[in-house]
Amino acid sequence: MKRLILILLTVACMFPAQGQEADSLAGTYINQGEWFALRDCYETDSNRMSPFIRLFAQPMLHQTFNRPYEANRCIVRLLREHQQTMGFGNIYAMLGMLAENYAKSGETNRAAETLANFIRQIEGKIEDKITEDIRERERIYRQLSAYRLYLRNDQAHYRVPFRFDEVGDSGQVLMQMPGRLNDKTGLFCFDTGASYNVATPEAAKRYRMRIIGSGMKSEGTRKMEGQLAIADSLRIGNLTLHHVPFTILDLQQGNERAAHVLGSLSLIIGQPLLTQFARYTIDFDHHVIDFYTHSPRNHRKSNLCIRGSLKIAVTKDGRTFGMTLDSGATTSLLGTYYYQQYSAEVAKEGQWDIIGGSGFGGVVYESVFKMPRVALSVDDTPFTMYQLPVVALSAHPNTLSDGFGRLGLDFLRLWKRITIDHTNMTIDLQ
């Protein structure tokens with residue numbers, strides 16, 4: 001289950017004919033979603049950027065590195081000082097981020113009002129479909145405002161056991177957490193690559209979820225639309241949460257093979273729930289995940305960011321790029337952006353193959369080059385992946401293969417323990 005959030009920005013169109021190199025680089029990194037490169041560019045060259053580009057980059061970085069309050073302050077300033085020159089697409093993207101951050105902090109009514117005010121400004125000036133999409137988001141926030149989302153029993157530390165289960169008879173395994181949903185037993189797939197908590201329509205009915213809205217747009221192997229529902233209670237390990245939102249998606253729709261492979265997969269825990277905690281440690285020796293409500297701030301350089309899914313900074317030959325950290329995928333792959341950077345090496349060492357992958361929306365097949373070995377590192381920690389596919393040309397744009405790729409369970413299981421810290425946006429590999 002994947003959704004790649006793409007904000008289609010028009011920054012490049014704002015550059016003067018002889019625009020500064022720093023402005024051009026920042027615009028390229030924003031449009032391509034290269035957030036670690038944007039961060040490094042901003043740290044070294046922000047004094048050479050134009051005032052507008054410098055101010056535009058700030059909320060994007062705060063948002064990506066999980067600083068929502070700082071992001072909103074910058075968005076308000078950006079709109080106040082540059083709204084007349086930003087263009088509709090950028091204004092829409094920034095107001096969407098503003099509303100999203102209000103909702104994350106529990107101010108769902110304020111999120112709804114932000115979008116309602118925007119609708120009043122644009123109604124009759126743009127096509128009705130766009131206005132209706134924004135109005136649907138406003139309605140969802142209004143519905144969510146009736147709940148105290150993710151209300152939990154008050155502890156500093158929670159321990160949740162997990163196990164590895166085969167998906168269908170595919171030979172592939174996923175991390176599953178036994179638990180209860182609305183007082184019925186269930187299995188929850190632990191998926192750091194998921195932008196939502198997800199349930200199938202059958203699971204929503206079985207667990208008596210409360211449907212509160214529709215029009216939730218998602219991207220997996222193809223674009224889909226689902227409903228939003230609330231589960232009154234969710235328990236895993238000694239953690240109990242109340243009023244947990246789920247996006248209802250038909251994981252099997254339109255493909256019999258997907259139905260066969262994904263038939264046992266009905267509940268997915270994604271980033272909205274995981275980011276409720278300051279940090280968590282996955283202990284592969286003891287098959288437990290420890291969640292913590294507090295993590296002290298430090299001065300380490302972030303090697304994680306969040307754009308819908310979780311991304312990790314990976315280095316090869318001195319170049320750093322972001323790959324999705326995806327516990328919901330059995331295997332890793334390198335995407336088309338990687339191929340563009342290392343095409344000569346891939347052509348020389350890779351062997352052509354076709355691979356298939358399942359996700360909501362069906363099963364897809366990609367033409368790839370399999371690399372016998374690829375040496376990478378996270379900070380100063382090296383690791384090597386074997387028989388790693390590289391997608392040269394994606395048949396399914398805006399999926400994980402149309403980027404730098406993903407690191408799946410085959411990567412995660414190289415380590416004894418992994419700690420993901422949302423306060424400092426760091427990952428530790430042991």
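Residues numbered from 1 in each chain as written. Predicted model: local features only at pLDDT ≥ 70, side-chain atom pairs only at ≥ 80, totals over all residues. Heavy atoms only, no water.

**Quick look at the overall build of the protein chain**
Scanning the protein chain from terminus to terminus reveals 13 helices and 22 strands. The 430 residues of the protein chain split such that 54% are buried. Considering only intrachain contacts with a sequence separation of at least 6, the fraction spanning at least 24 residues in the protein chain is 64%. Of the roughly 19,100 Å² of accessible surface on the protein chain, 48% is carried by carbon and sulfur atoms. (Helix = DSSP H or I, 4+ residues; strand = E, 2+ residues; numbered from the N terminus. Buried < 20%, exposed > 50% of the residue type's maximum accessible area, 1.4 Å probe, protein only. Contact = heavy atoms within 4.5 Å. Areas by Shrake-Rupley, 256 points an atom, 1.4 Å probe, with all protein chains shown as cover.)

**A closer look at helix α6 (residues 108–122)**
Residue pairs three or four apart in sequence face the same way in an α-helix, which turns once every 3.6 residues. With 15 residues, α6 extends 21 Å between its outermost C-alpha atoms, agreeing within 8% with the 21 Å of an ideal straight helix rising 1.5 Å per residue. Packed against the buried residues of α6 are α5 (88–104) and α7 (128–144). Remark: G124 follows α6 within two positions and exhibits a positive phi of approximately 85°. (Expected span 1.5 Å × (residues − 1).)

**Side note on helix α2 (residues 35–45)**
Along α2, 8 of the 11 residues are buried, which leaves the element largely enclosed by surrounding structure. On its buried face, α2 is in contact with α1 (21–32), α3 (51–64), β13 (304–307), β14 (309–316) and β15 (319–325).

**Section: the pattern of salt bridges**
According to the stated counting rule, one finds 24 salt bridges in the structure shown. Measuring nitrogen to oxygen at the nearest pair gives 3.2 Å for the salt bridge that ties E100 to K104. Taken together, the residues span about one helical turn, with E100 and K104 both in helix α5 at a distance of 4 residues. The class of E100 is partly exposed, set by a relative accessible area of 29%. Relative accessible area serves as the criterion here: at 54%, K104 is assigned to the exposed category. Several salt bridges converge on common partners, so that one network encompasses E123, E132, R135, E136 and R139. (Salt bridge = Lys/Arg side-chain N within 4 Å of Asp/Glu carboxyl O.)

**As for the packing of aromatic side chains**
Under the defined criterion, the tally for this structure stands at 20 aromatic pairs. With a centroid separation of 6.0 Å and an interplanar angle of 80°, the aromatic rings of F162 and F284 are classed as edge-to-face. A residue pair is termed long-range when its members are at least 10 positions apart, and F162 in the loop between β2 (157–161) and β3 (163–166) and F284 in the loop between β11 (279–283) and β12 (288–292) qualify at 122 residues. Judged on exposure class, the residue F162 and its partner F284 are both buried. Ring geometry for F411 versus W415: centroids 6.0 Å apart, planes at 70°, classification edge-to-face. For the pair F411 and W415, a shared accessibility class is recorded, and that class is buried. Three or more aromatic residues joined by ring pairs form one cluster here, namely Y158, F190, F277, Y280 and F291. For the cation-ring pair, R279 lies above Y292, with the distance from its terminal atom to the ring centre recorded as 4.1 Å. Over the aromatic face of F164 sits the side chain of R413, whose NZ or CZ is 3.8 Å from the ring centroid. (Phe/Tyr/Trp six-rings, centres within 6.5 Å; stacked < 30°, edge-to-face > 60°. Lys NZ or Arg CZ within 6 Å of the ring centre and 35° of its normal.)

**Some words on the nonpolar core**
Ranked by size, the top nonpolar core spans 74 residues in total, and within it M209, F246, I312 and F411 carry the most contacts. Of the residues forming this core, the biggest block, 5 residues, is contributed by strand β9 (residues 239–248). Formed by 47 residues, the second largest nonpolar core is a distinct cluster that contains C41, L55, A99 and I230. (Core = buried A, V, L, I, M, F, W, Y, C linked by side-chain atoms within 4.5 Å.)

**Regarding a positive patch on the surface**
On the surface, R180, K184, R206 and R208 cluster together into a patch of positive charge. Within the secondary structure, R206 sits in helix α8 (residues 201–206). Look at R206 and you get partly exposed, because its relative accessible area is 47%. (Patch = residues over 30% accessible without salt bridge, like charges linked within 9 Å, V, L, I, M, F, W, Y side chains within 5 Å. Lys, Arg positive; Asp, Glu negative; His and termini not counted. Charge placed at Lys NZ, Arg CZ, Asp CG, Glu CD.)

**Notes on the sheet that holds β2**
The antiparallel open sheet is built from 5 strands, whose spatial order is β2-β12-β11-β21-β22. Looking at which strands have only one partner, the edges of the open sheet turn out to be β2 and β22 (426–429). Direction aside, neighbouring strands of the sheet carry axes that sit 15° apart on average. Looking at chain direction, strand β21 (residues 417–421) and β22 are connected through 4 bridges and run antiparallel. Note that in β22 the partner of I418 across the bridge is L429. (Pairing = 2+ DSSP bridges. Axes fitted to C-alpha atoms, helices over the stretch in contact; angles between N-to-C directions.)

**Notes on unusual backbone geometry**
Despite not being glycine, Y150 shows a phi value in the positive range, around 60°. Here Y150 lies in the loop between α7 and β1 (151–152). Backbone geometry places H287, a non-glycine residue, at a positive phi of 55°. Position of H287 relative to the elements: it lies in the loop between β11 and β12. With relative accessibility at 30%, the residue H287 sits in the partly exposed group.

**Observations concerning the pairing of strand β4 (residues 173–181)**
Across 4 bridges, the pairing between β3 and β4 is antiparallel. Directly across from D165, in β4, lies its bridge partner L174. Bridging between β4 and strand β5 (residues 184–190) involves 6 bridges; their strand directions are antiparallel. Within the sheet, the bridge partner assigned to G179 lies in β5 and is G186. The hairpin turn running from β4 into β5, its antiparallel successor, is 2 residues long, and N182 in that turn takes a positive phi close to 50°.

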